[in-house]
Amino acid sequence: MTAKKNLATASRLLHTDYPARDAYRSLSMPVYHTAAYEFDDAAQMEAAFTGRTADFAYSRLTNPTVAHFENEVKAVTGAHDVMAFSSGMAAISNTFLALAHAGSNIVASPHIFGNTYSFFRSTLADFGVETRLCDMTDPSAVEAAIDDATAGVFLEAITNPQLEVADLRALSAICRRKGAPLVVDTTVIPFTHFRAADCGVDIEVVSSTKYVSGGATSLGGLVIDYATFDCSRSRRLAPLAAQFGNGAFTAKMRREIVRNLGAYMTPHVAYMQTLGLETMQVRYERASSTCLALARRLQSLPGIVRVNYTGLEENPYHALSRSLFGDKAGAMMTVDLASREACFRMIDRLRLIRRATNLFDNKSLAIHPASTIFGTFSEEERRKMDVSQQTVRLSIGLEDPDDLFEDIRQALND
Ligand SMILES: *Cc1c(COP(=O)(O)O)cnc(C)c1O
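Residues numbered from 1 in each chain as written. Predicted model: local features only at pLDDT ≥ 70, side-chain atom pairs only at ≥ 80, totals over all residues. Heavy atoms only, no water.

1. Structural notes on the packing of helix α3 (residues 64-77) against helix α10 (residues 267-298)
Quick reminder of the rule: For helices, the fitted line uses only the C-alpha atoms of the stretch in contact; every axis is such a line through C-alpha atoms, and the angle between N-to-C directions lies from 0 to 180 degrees. Helix and strand definitions here come from DSSP, where helices need a minimum of 4 consecutive H or I residues and strands a minimum of 2 consecutive E residues; each element is numbered from the N-terminal end. Orientation categories follow fixed angle ranges, with anything under 35 degrees roughly parallel, anything over 145 roughly antiparallel, 65 to 115 roughly perpendicular, and all other angles oblique. When the near helix sits turned anticlockwise from the far one by under a right angle, the crossing is termed left-handed; a clockwise turn instead gives a right-handed crossing. Here, residues are in contact when the closest pair of their heavy atoms is within 4.5 Å. All residues other than Ala, Val, Leu, Ile, Met, Phe, Trp, Tyr, Cys, Pro, Asp, Glu, Lys and Arg, Gly among them, are scored as polar; the first ten of these are nonpolar and the last four charged.
Interaxial distance between α3 and α10 falls to 8 Å at its minimum, and their mutual angle equals 30°. One element, α3, and the other, α10, form an angle in the roughly parallel class. In this structure, the crossing between α3 and α10 has a hand that is left-handed. When α3 is examined against α10, the residues Thr65, Val66, His68, Phe69, Glu72 and Val73 are found in contact with a partner set consisting of Pro267, Ala270, Tyr271, Gln273, Thr274 and Leu277. In the contact of α3 with α10, the residues fall into seven nonpolar, four polar and one charged.

Structure below.
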């Protein structure tokens, strides 16, 4: 194989070599649909099971097809290691089950995905982990909330559905000083466009169900470890830090958490998401350009009170978003209408845009977050999370921009 150094991201996404050549020289990574792998002798088995060799043993721990998918993401991000999971929630929960312990706390934004919120405030709370909700746009408040028992600081790159952006570089400086890892859910801005490590993110978590899968073929999650967190400062990781240094988080995940929780990605999903990854950059550029053009046009439509999209110059987070994520602001926006009833009516009248949850399908999607994703929270909780009854969320796909505009225009008409 030729050396493939110095490739641009678009090329690298298509040309990551397999670790070993396939017997038939298959051009696509073969899907190794197997639970277990055979060994020649007992000594070889012992070496694999005790971690002295990297031979595959059992697909709950690792699998060649999934490993290839992980290697592709590693090549693009330059990370220390990448681990693939069965969903975005599995990536998030496995990460915090490696970092937190009873008596520890997590400092998190109140503006997070509903199931992540519930994982922190219900599931982890029952195991004695406290989650301190903190305004991430106020670095001094974050600094004050972190103490010696803080297992991690967590936020989303652009929050949903508020579309709030925090200064990740400032938060990273605080986290490094205080000895807490900065964990960021970057699902809304793909790693082809956002260099998380350059902004001081220690661990990136991604729902690969969204941009990566492409066409919403499958659920998946990624944990991307840059090995920038000083693991000796974590109670859970310090015992491994002596041997693995800042690679202790990955060592903990691979040797204990992934195995014990059993949420590793399956080979067929890794195959589909590898195909998605090949076209992700192109799809993202198209969808985010359409989203910006549409956001501008929707501002003038009667019936729309406000368009919220960080790509608009007048958006309060525009400058920060640009400095972190570049000239593309993602393919999600929200529109505020006069009332909950107006939102339901608009959604009901859509003819092209689909009524569905999920983000970054090739098809555009619309949803009323307050009554669905956040529907089981109390009105009081929704108010604290700034989830309004007047908001419709739009995920923009690959359709013609004029067709999307026309669909929303007719849906708002009397
Ligand atoms: C969808 C989503 C998740 C959860 O991912 P799943 O793959 O559905 O488990 C987490 N965070 C964000 C920001 C999401 O959009």
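2. Section: the site of the ligand
Threshold: Residues are classed as near a molecule or strand on a simple rule: at least one heavy atom within 4 Å of it. Here a polar contact is taken to be a pair of N or O atoms separated by no more than 3.5 Å, where protein atoms must pair a possible hydrogen donor with a possible acceptor and residues adjacent in sequence count only if both atoms sit in side chains. Using a 1.4 Å probe, accessible areas were evaluated by the Shrake-Rupley method; residue-level cover was limited to the displayed protein chains.
Around the ligand, the surrounding shell holds 14 residues, and the nearest of these are Gly88, Asp185, Ser207, Thr209 and Lys210. Aspartate 185 places a polar side-chain atom, nitrogen or oxygen, 2.6 Å from a nitrogen atom of the ligand. Between lysine 210 and the ligand, the recorded distance is 2.7 Å, taken from a side-chain N or O atom to an oxygen atom. For the ligand, whose accessible area on its own is 380 Å², the fraction buried by protein is 91%. By residue number, the principal contributor to the shell around the ligand is helix α4 (residues 88-99), which donates three residues. Of the residues assigned to the shell around the ligand, the class counts are five nonpolar, six polar and three charged.

3. Quick word on the domain arrangement of the protein chain
How big an interface is tends to be expressed through the accessible area that disappears when the partners come together. Put simply, the rule is: Where each domain starts and ends comes from a domain assignment, either automatic or drawn from a database. Buried area is understood as the total, over both parts, of accessible area removed when two parts are fitted together, assessed with a 1.4 Å probe. Any Lys or Arg side-chain nitrogen located within 4 Å of an Asp or Glu carboxyl oxygen qualifies as a salt bridge.
Structurally, the protein chain comprises domain 1 (9-269) and domain 2 (283-412). Look at where the C-alpha atoms of domain 1 and domain 2 centre, and you get two points 28 Å apart. Taken together, the 33 residues of domain 1 in the interface contact 33 residues of domain 2. Both faces combined, the contact of domain 1 with domain 2 buries some 2,900 Å², and carbon together with sulfur accounts for 66% of it. Across the contact surface, domain 1 and domain 2 share zero salt bridges. Mapped by element, the contributors of at least two residues to the side of domain 1 that touches domain 2 are α5 (114-126) and α7 (168-178).

4. Some points on the sheet that holds strand β4 (residues 150-156)
Quick reminder of the rule: DSSP-based pairing: two strands are paired if at least 2 bridges between them are found.
Taking strand neighbours across the sheet as the criterion, the seven strands line up as β1-β7-β6-β5-β4-β2-β3 in an open arrangement whose pairing is mixed. At either margin of the open sheet sits one strand with a lone partner, and together these are β1 (81-85) and β3 (130-133). Ignoring which end each strand starts from, the neighbouring axes of this sheet average 20° apart. In this structure, strand β5 (residues 182-185) lies alongside strand β6 (residues 203-207), joined through three bridges in parallel fashion.

5. Side note on the packing of aromatic side chains
The condition is simple: By convention, a stacked pair of Phe, Tyr or Trp rings (six-membered ring in the case of Trp) has centres within 6.5 Å and planes under 30 degrees apart, an edge-to-face pair has planes over 60 apart, and any other such pair is tilted. Exposure is judged per residue with a 1.4 Å probe applied to protein chains only, and the accessible area is read against the type maximum: over 50% gives exposed, under 20% gives buried, and values in between give partly exposed.
Counted under the stated rule, the structure contains 11 aromatic pairs. Note on phenylalanine 96 and phenylalanine 154: the rings are 5.7 Å apart at their centroids and 80° apart in plane angle, and the pair reads as edge-to-face. Here the residue phenylalanine 96 occupies a position in helix α4, and phenylalanine 154 occupies one in strand β4, the gap between them amounting to 58 residues. Neither residue differs from the other here; phenylalanine 96 and phenylalanine 154 are each classed as buried. Taking 6.0 Å as the distance between ring centres and 35° as the angle between the ring planes, the aromatic pair formed by phenylalanine 374 and phenylalanine 377 counts as tilted.

6. A look at helix α12 (residues 340-349)
Stated precisely, the cut-off is as follows: By definition, the arc is the one covered by directions from the helix axis to the C-beta atoms.
For α12, the complete set of buried residues consists of Cys343, Met346 and Ile347. Angularly, the buried residues of α12 cover 95° about the axis, an arc narrow enough to put them on a single face. Summarising the geometry of α12, the exposed residues directed more than 90 degrees from the buried face are Glu341 and Asp348. Considering only its buried residues, α12 is in contact with β10 (354-355), β11 (365-367), β12 (391-395) and α14 (401-412).

7. Some points on the environment of glutamate 285
By secondary structure assignment, the location of glutamate 285 is in helix α10. Note on glutamate 285: relative accessible area 33%, which makes it partly exposed. As for glutamate 285 and serine 59, which are separated by 226 residues in sequence, their C-alpha atoms are 35 Å apart. Excluding residues within four positions of it along the chain, glutamate 285 makes contact with His193 and Lys328.

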